[in-house]
Structure formats: structure tokens, C-alpha cells
Amino acid sequence: MATGRRPTLTDEERARVEAAVQAAEQQTSAEIVPMIVGRSGLYREAHHRVGLLSAVLVLMALLMIESTWLPWGWHAANAVWLLGMTMLAYALGAWVGTWPPVLRLFTSRERMHRKVQLRAKLAFAQHGLTRTRERTGLLLLVSLLERQVSVLADQSLRDGISDAQWQEVVAVVVERLKVGDLVGGLCCGIEASGTLLARACPARDGDNPNELSNQVIQDT
């Protein structure tokens, strides 16, 4: 599973997710919108942390072996060289800090969670999930870099389904993500969401329009 890059699915995978949405929505009047994003935040502070750590470690190492590169004592050229090496170490560390595994190591899970929730709220508005007839839109968002999932329900769904129940849906998706099965996780999450929604707002015979696209949204 790619992380921190633009998410890409094959035509077959997109069709599989779309079929899962269509099957789930046959049981409910709600609208399920799956979405995959490469990342929910830039986390520039992690880049700086890794850069500073690299600079400090290089500076300490150079000072500890001072006698090997300063046999004749300090002078301006050595000071410039030392500063240049420290700055180079910072730049290299900041670049390494953009790598997804390193970025996750230097960013708290709580901060990533907040960013994923914020991205979900933004996407909910941007993609028109608030425009359903009875305010029954549901966003199921997977953020690859953070390896986190957000389920965001519109107003009329919040009373009938508890946060704990939505967390069970999240757990279903995360379980598949852990083994690299992104599409399987989405489909399982859609199916679990459909089961909950069928009880909270079941489909009405002859009055169940498809108000939102069943296609998975892919974004950076």
C-alpha cells in the first residue's frame, strides 16, 4: 500500500468499491461516499525536528573528534567548515524527515488524528455530502500516510448511530489496512456501514434515489 503519495486504484478495484457502495445503499436511504487520500497534513514540524536532530548529532560528532581535524587549533576556515557541515546535516535530515516512516516516527498519533478528522470535515463539505435530501450523507475516508480512517456522518445519522458503533466500522477497515488490503478494507467498511445504516434509516420502497455518486474519490 502506497503512503504519502497520490492514491491510485485500478479500474477493477474502483469497480469493486463502487459495487460495494451500491449493494450497501440498497438497504438504506443514506448515501455512502468512500474516499482515499494520500495524506491529510504536511507535518513540516517533523521535517525540522529530524533536521535539527541530524545537525546536533553531526556537530557533536565533529567536536568529539576535534583533534583529528583541528591539529593546529581553531581558525576562521575551520569555523566556516564546521558551520557548513552542520547546515548540510540539517538539510539532509529535513529531507529524510519527509519520508513517510520517519515522518510518522516524529509526529504524534494525536496530531495525525486531528489532521485526518479535519481533512474529513473539509472533504465532506467540498464533495457535497451535506446536500442530500434528508441529511443522510456518510463519508468513509482512508488517509494513507497516517494509516488512519475517519467515518463522518451527516446530521440525521448522528442520533441513531453511536460513536462507538462507528469506531467498530473504523476497526474493520484498519484491520484490512494492516495487511495492505486497501480495497478490501474499504469494501468491508462500506458493508459494515450499510448494516448500521439499514437499521437507522432503512430504504423505502420506490423512494430511494441515488443522490451521490457511488465512485470512490481519490485525492492527494
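Just so you know, these numbers come straight off a predicted model, no measurement behind them.

### A closer look at the overall build of the protein chain
- Tallying secondary structure elements over the protein chain gives nine helices and four strands in all.
- Tracing the protein chain from N to C terminus, the helices and strands come up as α-β-α-α-α-α-α-β-β-α-α-α-β.
- The globule rule puts the C-alpha radius of gyration for 220 residues at 17 Å, and the 24 Å found for the protein chain is more than 25% above it.
- Each of the three principal axes of the protein chain carries a C-alpha extent, and together these read 90 × 35 × 25 Å.
- Relative to its full complement of 220 residues, the protein chain shows a buried share of 43%.
- In the protein chain, the proportion of contacts linking residues at least 24 apart, taken out of those at least 6 apart, comes to 77%.
- In the form shown here, the protein chain has an accessible surface area of approximately 12100 Å², with 57% of it arising from carbon and sulfur atoms.
- One way to put it: in the protein chain the 23 positive side-chain charges average out to a point 8 Å from where the 22 negative ones average out.

### Some remarks on the packing of aromatic side chains
- Counted by the stated rule, this structure contains one aromatic pair.
- Measuring from ring centre to ring centre gives 5.1 Å for W95 and W99, while their planes differ by 80°; the resulting arrangement is edge-to-face.
- Judged by relative accessible area, W99 falls into the partly exposed class, the value being 38%.

### Remarks on the state of the cysteines
- Evaluated as defined, the whole model comprises zero disulfides.
- Here C188 stays unpaired: no disulfide links it, and the sulfur of C187, its closest cysteine neighbor, is 7.1 Å away.

### So, helix 6 (residues 109-126)
- The end-to-end C-alpha separation of helix 6 is 25 Å, in line with the 26 Å expected for 18 residues at 1.5 Å each.
- For helix 6, the full list of buried residues reads M112, V116, R119, A120, A123 and F124. Looking straight down helix 6, one finds that the buried residues subtend no more than 140° of arc, so they occupy a single side. Facing away from the buried side of helix 6 by more than 90 degrees, the exposed set consists of E110, R114, L118 and K121.
- Just downstream of helix 6, G128 is the residue with a positive phi angle, here 75°.

### Looking at the sheet that holds strand 3 (residues 148-153)
- Strands sit in the order 3-2-1-4 across an open sheet of four strands; the sheet is mixed. Whereas interior strands pair on both sides, the edge strands pair on one side only; in this sheet they are strand 3 and strand 4 (217-219). Each neighbouring strand pair of the sheet contributes to a mean axis angle of 15°, computed without reference to strand direction.
- Sheet topology note: the strand 1 (residues 31-37)/strand 2 (residues 137-143) ladder contains seven bridges and is parallel. Following the sheet pairing, I32 is matched in strand 2 by L138.
- Lying on the sheet, helix 1 (residues 11-25) is in contact with strand 1 and strand 4; it crosses strand 1 at an angle near 155°.

### With respect to the pattern of salt bridges
- As enumerated under the stated definition, the model contains nine salt bridges in all.
- The partner of D181 in a salt bridge is R176, and the shortest N-O contact between them spans 3.0 Å.
- Residue D181 is classed as partly exposed on the basis of its relative accessible area, which comes to 21%.
- Three or more residues are tied together by salt bridges with common partners; here these are R133, E134, R204 and D207.

### Side note on the packing of helix 1 against helix 9 (residues 182-200)
- Taken N-terminus to C-terminus, the directions of helix 1 and helix 9 make an angle of 5°; their axes are 9 Å apart at the nearest point. When the interaxial angle is binned, helix 1 and helix 9 end up roughly parallel. Contact with helix 1, carried on its side by E13, R16, V17, A20, V21 and A24, involves V183, G184, L186, C187, I190 and G194 of helix 9 and no other residues of that element.
- Classifying every residue of the contact of helix 1 with helix 9 gives eight nonpolar, two polar and two charged.

Analysis parameters
- Residues numbered from 1 in each chain as written.
- Predicted model: local features only at pLDDT ≥ 70, side-chain atom pairs only at ≥ 80, totals over all residues.
- Heavy atoms only, no water.
- Helix = DSSP H or I, 4+ residues; strand = E, 2+ residues; numbered from the N terminus.
- Rg over C-alpha atoms; globule rule 2.2 N^0.38 Å.
- Buried < 20%, exposed > 50% of the residue type's maximum accessible area, 1.4 Å probe, protein only.
- Contact = heavy atoms within 4.5 Å.
- Areas by Shrake-Rupley, 256 points an atom, 1.4 Å probe, with all protein chains shown as cover.
- Lys, Arg positive; Asp, Glu negative; His and termini not counted.
- Charge placed at Lys NZ, Arg CZ, Asp CG, Glu CD.
- Phe/Tyr/Trp six-rings, centres within 6.5 Å; stacked < 30°, edge-to-face > 60°.
- Disulfide = S-S within 2.5 Å.
- Expected span 1.5 Å × (residues − 1).
- Arc of directions from axis to C-beta.
- Pairing = 2+ DSSP bridges.
- Axes fitted to C-alpha atoms, helices over the stretch in contact; angles between N-to-C directions.
- Salt bridge = Lys/Arg side-chain N within 4 Å of Asp/Glu carboxyl O.
- Parallel < 35°, antiparallel > 145°, perpendicular 65-115°, else oblique.
- Nonpolar A, V, L, I, M, F, W, Y, C, P; charged D, E, K, R; others polar.

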